[in-house]
Amino acid sequence: MSSDPHQYTFLYKVLKSLYYAVITDNEGRIILLSKNYQELLGVTDEEYIGKHVRDIIPNSEIPHVLESRKEDTGHLFTLKDGKTVVCNRIPIIDNGKLLGVISSATFYKLDEVSILNQQIKKLQEENLKYKKQISELSSTFNQKDSLKKIIGDSLPIMAIKETIQRFAESDLTFLITGDTGTGKEVFANAIHELSKRRNKNFVKINCAAIPKDLLESELFGYEPGSFSGALKEGKVGKFEHANGGTLLLDEIGEMPLSLQSKLLRVLQERELERVGGLKSIKLDVRIICSTNQNIEKLIEKGEFRRDLFYRINVVEINIPALRDRLDDIPLLCKHFIDKINNKNGLGITNISNDAYSLFYNYEWSGNVRELKHVLERACISAGSGQLNIEHFDFLLSRMYKNSDVKKNADEGSLNDVTSEVEKEKIIRALVETNGNKSAAAKLLKIDRSSLYNKIKRYNIEM
Ligand SMILES: Nc1ncnc2c1ncn2[C@@H]1O[C@H](COP(=O)(O)OP(=O)(O)OP(=O)(O)O)[C@@H](O)[C@H]1O
Ligand SMILES: [Mg+2]
């Protein structure tokens, strides 16, 4: 290049008149800002010359170019006034030596497509970020929601909820035991919803409800023409339906021994062959088993394989009977009354204390399911307002029917009619006084010792 000072002046003017341009030395110190850029930044020559570019333009990418010595073209850059421009940053290299960087920006209208492309890319990245955040949020929301569906805050229920939360994410097999109506299926649902398989199939099969000779093909499926009466096209079994998700083997205690060995093999090998088929199908299924039977007893009787029991009994949860967690009754009542009100358009508000006392003394052999049905009957008969003890008269008679006195009674005798009435009165008094015998005796206007005798005579359980 000529050393003519006029040419330098000319070049200087050219650079100054570039739209938005910055030139730095090899340490990132600004040598020149174009006129427009200088005006936009509102700095005088003295204020910028020799300053590090990041001191004047905090989001400048020039330091990266100095580091990489590679040109960086066609990138979007947001100026101080919020306008977006397309920026090209070129390292100035002379004989292999880095002298500095020139960065110049053009209006986006010159390259609208590339701007749009970059904007799309940016939006896609943001979209991905939000999607991730939403899925994280919704999974914690789902988790809380799934546990909320299990009504109850008694100590045993809280402990079970904790166990579920701890192991649901793993693929460990659960064995849920508990009497009929205690909520085994409700807990199984929660385990699936809390697991990482929550968006996959949750398949249930009730081993007690399916005829024994059909159970195998229901579980494992069959190939076309495997047996007479089979579908022409064959059938996919519950295991395959549940692939990737969760399979609930309900009433597992009812599974015939012959099938137990096949089930054990499938659980161990994690693959199955359909009935009449030769091909092995890989399985990725989380198993939950449930039963209201005592499996240890079935093992003793030779009706359940011990090795299968060990295989399924990895995380055991035993749901206590309702009578062993009376603390849950008020919450369950509120939950069911809300549901019954909504479903039937009723206006039941609450339950009286004496009705609650009855609930605390009742046997609840059908557990939560029985409580739900009892409430349904009482709510529908009351229609609105408070549920009082009269709305649960049928429970008192159930209590009475269950007692031994009734079983041994000579139905026709007048004495027994009197006894029935007397017994019912005593039970009512005990319920109303929450089992306080002195108060109950007072209410019945008899002395305590004769109340004790009558409780004994009528076999009233306390
Ligand atoms: N903790 C609970 N919270 C809310 N509803 C419950 C709870 N426990 C039980 N239920 C309700 O009680 C009824 C019976 O529950 P579920 O079917 O889960 O019982 P189960 O133990 O599987 O009974 P079974 O042994 O007879 O199959 C269902 O309507 C269920 O919604
Ligand atoms: Mg069930």
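1. Some points on the environment of Phe227
Next up, step 1: In this fold, Phe227 is placed in the loop between α9 (212–220) and α10 (238–241).
Next up, step 2: Sequence separation between Phe227 and Gly276 is 49 residues, and the spatial gap between their C-alpha atoms is 8.2 Å.
Next up, step 3: With near-sequence residues (within four places) excluded, Phe227 lies in contact with Ser217 and Tyr222.

2. What about the packing of aromatic side chains?
Next up, step 1: Under the counting rule described, the total for this entry stands at 10 aromatic pairs.
Next up, step 2: On the basis of an interplanar angle of 75 degrees and a centroid distance of 4.6 Å, the ring pair of Tyr19 and Tyr20 is categorised as edge-to-face.
Next up, step 3: The exposure class of Tyr19 is partly exposed, given its relative accessible area of 34%.
Next up, step 4: Relative accessible area serves as the criterion here: at 6%, Tyr20 is assigned to the buried category.
Next up, step 5: Sitting over the face of the ring of Tyr130, Lys129 holds its NZ or CZ atom 5.7 Å from the ring centroid.

3. A few points about unusual backbone geometry
Next up, step 1: Positive phi, close to 55 degrees, is recorded for Arg270, a residue that is not glycine.
Next up, step 2: Secondary-structure assignment places Arg270 in the loop between α11 (257–269) and β9 (271–272).
Next up, step 3: Unusually for a residue other than glycine, Asn367 sits at a positive phi of about 55 degrees.
Next up, step 4: Tracing the backbone shows Asn367 in helix α16 (residues 367–382).
Next up, step 5: Since its relative accessible area comes to 0%, Asn367 is described here as buried.

4. Remarks on the packing of α9 against α11
The description of two helices packed together rests on the angle between their axes and the distance between the axes.
Next up, step 1: Remark: α9 packs on α11, axes separated minimally by 11 Å, with the N-to-C direction vectors making an angle of 15 degrees. In terms of orientation, α9 and α11 fall into the roughly parallel class. Of the two elements, α9 crosses α11, and the hand of that crossing is left-handed. Here Leu215, Glu216, Leu219 and Phe220 of α9 lie close against α11, whose contacting residues are Leu259, Lys262, Leu263 and Val266.
Next up, step 2: In the contact of α9 with α11, the residues fall into six nonpolar, no polar and two charged.

What counts, and at which threshold
- Residues numbered from 1 in each chain as written.
- Chains lettered and ligands numbered in written order.
- Predicted model: local features only at pLDDT ≥ 70, side-chain atom pairs only at ≥ 80, totals over all residues.
- Heavy atoms only, no water.
- Helix = DSSP H or I, 4+ residues; strand = E, 2+ residues; numbered from the N terminus.
- Contact = heavy atoms within 4.5 Å.
- Phe/Tyr/Trp six-rings, centres within 6.5 Å; stacked < 30°, edge-to-face > 60°.
- Buried < 20%, exposed > 50% of the residue type's maximum accessible area, 1.4 Å probe, protein only.
- Lys NZ or Arg CZ within 6 Å of the ring centre and 35° of its normal.
- Axes fitted to C-alpha atoms, helices over the stretch in contact; angles between N-to-C directions.
- Parallel < 35°, antiparallel > 145°, perpendicular 65-115°, else oblique.
- Left-handed = near helix turned anticlockwise from the far one by under 90°.
- Nonpolar A, V, L, I, M, F, W, Y, C, P; charged D, E, K, R; others polar.

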